[in-house]
Amino acid sequence: MGTTYDASSVAVGSIVASLLLFPIGVWQSGSTMFSIELLPLVFVVSLLASAIPYGLDMIALPRLPAQTFSTLMSLSPVFAAFSGLIVLHEQLTHYQWLAIMFIIVSSIGTVLTMYH
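In this convention, every chain numbers its residues from 1, walking through the sequence in written order. It should be noted that, the model being predicted, local features are given only for residues of pLDDT at least 70 and side-chain atom pairs only at 80 or more, the latter also being counted only at that level, while totals for whole chains, interfaces and linings use all residues. Side-chain metrics rest on all non-hydrogen atoms present in the structure, leaving aside hydrogens and water.

A. Geometry of the overall build of the protein. Note on conventions: DSSP H or I runs of at least 4 residues are helices, E runs of at least 2 residues are strands, and numbering of each starts at the N terminus. Within the protein, the secondary structure is distributed over 5 helices and 0 strands. Ordering the α and β elements of the protein from the N terminus gives α-α-α-α-α. The C-alpha atoms of the protein give 18 Å as radius of gyration, which overshoots the globular expectation for 116 residues (13 Å, by more than 25%). Its C-alpha atoms give the protein principal-axis dimensions of about 55 × 40 × 20 Å. Under the scheme applied here, a residue whose accessible area is under 20% of the maximum for its type counts as buried, over 50% as exposed, and between as partly exposed, the area being computed with a 1.4 Å probe on protein chains only. Taken across its 116 residues, the protein has 15% of its residues classed as buried. Note on method: radius of gyration uses C-alpha positions; expected globular size equals 2.2 Å times residues raised to 0.38.

Listed below in structure tokens is the structure:
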């Protein structure tokens, strides 16, 4: 897919998603959504949450074997959980820790058996 669609597909996808989600945002937050004080924060969040990661994915996808890329992508929930734990001080349940352990173990197993 990375060779078929270049990095501009990220921009098109983001625009389509924005058009679909914008009315929901206006409905939920009203005029607060248009606050000029929030604009810098919105810009930083959009870069860190969407533009940079998806852009890097589109660059990496054609250069990595599919199995390597999919293994790295499967670790995204683990990084998200650890980020929530460290940055937001969220508490994880025992089931969530167990799920994280299963994801990590399965990723290790995939990597170890990748070239056999």
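B. Focus on the packing of aromatic side chains. A pair of aromatic rings is counted whenever rings of Phe, Tyr or Trp (Trp by its six-membered ring) have centres within 6.5 Å, and the orientation is called stacked for planes under 30 degrees apart, edge-to-face for over 60 and tilted otherwise. All told, the structure shown has 2 aromatic pairs when counted by the stated rule. Centre to centre, the rings of F22 and F34 are 6.0 Å apart; their planes meet at 70°, and the pair counts as edge-to-face. Of the two residues, F22 is situated in helix α1 (residues 8-29) and F34 in the loop between α1 and α2 (39-60); the sequence distance between them amounts to 12 residues. For F22, a relative accessible area of 41% translates into the label partly exposed. The class for F34 is exposed, based on a relative accessible area of 54%. Look at F82 and W97: their rings are 6.0 Å apart centre to centre, the planes differ by 45°, and that puts the pair in the tilted class. Of the two residues, F82 is situated in helix α4 (residues 76-87) and W97 in helix α5 (residues 94-112); the sequence distance between them amounts to 15 residues.

C. Representation of the UniProt feature "transmembrane region" (unreviewed entry) in the protein within the structure. UniProt positions are given in the numbering used here, feature names are shortened, and annotations may be inferred rather than shown by experiment. UniProt records the feature "transmembrane region" (unreviewed entry) at residues 7-26, 38-56, 68-88 and 94-115, using the numbering of this structure. Annotated as residues 38-56, this span is 95% helix and 0% strand, and its ends, taken at the C-alpha atoms, are 26 Å apart. Across residues 68-88, the secondary structure splits into 90% helix and 0% strand, with the terminal C-alpha atoms separated by 30 Å.

D. Summary view of the side chain of S107. By the element assignment, S107 lies in helix α5. Polar contact is defined as a pair of N or O atoms within 3.5 Å, subject to the rule that within protein one atom must be able to donate a hydrogen and the other to accept it, and that residues adjacent in sequence are counted only when both atoms are side-chain atoms. There is a polar contact of 3.3 Å between the side chain of S107 and the side chain of S74. Aside from chain neighbours lying at most four places away, what touches S107 is T71, S74 and L75. By definition in these notes, contact holds between two residues if any of their heavy atoms fall within 4.5 Å.

E. Representation of the nonpolar core within the structure. Residues belong to one nonpolar core when they are buried, are Ala, Val, Leu, Ile, Met, Phe, Trp, Tyr or Cys, and are joined through side-chain atoms within 4.5 Å. In this structure, L75, V78, A81, L92 and I100 together form the largest nonpolar core, which totals 5 residues. Setting aside residues up to four positions removed in sequence, I100 forms contacts with V78, A81, F82 and L92.

F. Representation of unusual backbone geometry within the structure. Unlike most non-glycine residues, H89 shows phi in positive territory, near 60°. Judged by its relative accessible area of 60%, H89 falls in the exposed class.

G. Region of interest: a nonpolar patch on the surface. Distance thresholds for patches are 9 Å for like charges and 5 Å for nonpolar side chains (Val, Leu, Ile, Met, Phe, Trp, Tyr), applied to residues having over 30% relative accessible area and no salt bridge. Note that accessible areas follow from Shrake-Rupley with a 1.4 Å probe, and for residues the cover is restricted to the protein chains shown. For this document, the term salt bridge refers to a Lys or Arg side-chain nitrogen within 4 Å of an Asp or Glu carboxyl oxygen. On the surface, V12, V16, L20, L21, I24 and W27 cluster together into a nonpolar patch covering about 680 Å² of accessible area. Position of V12 relative to the elements: it lies in helix α1. On the accessibility criterion, V12 (52% relative accessible area) is exposed.

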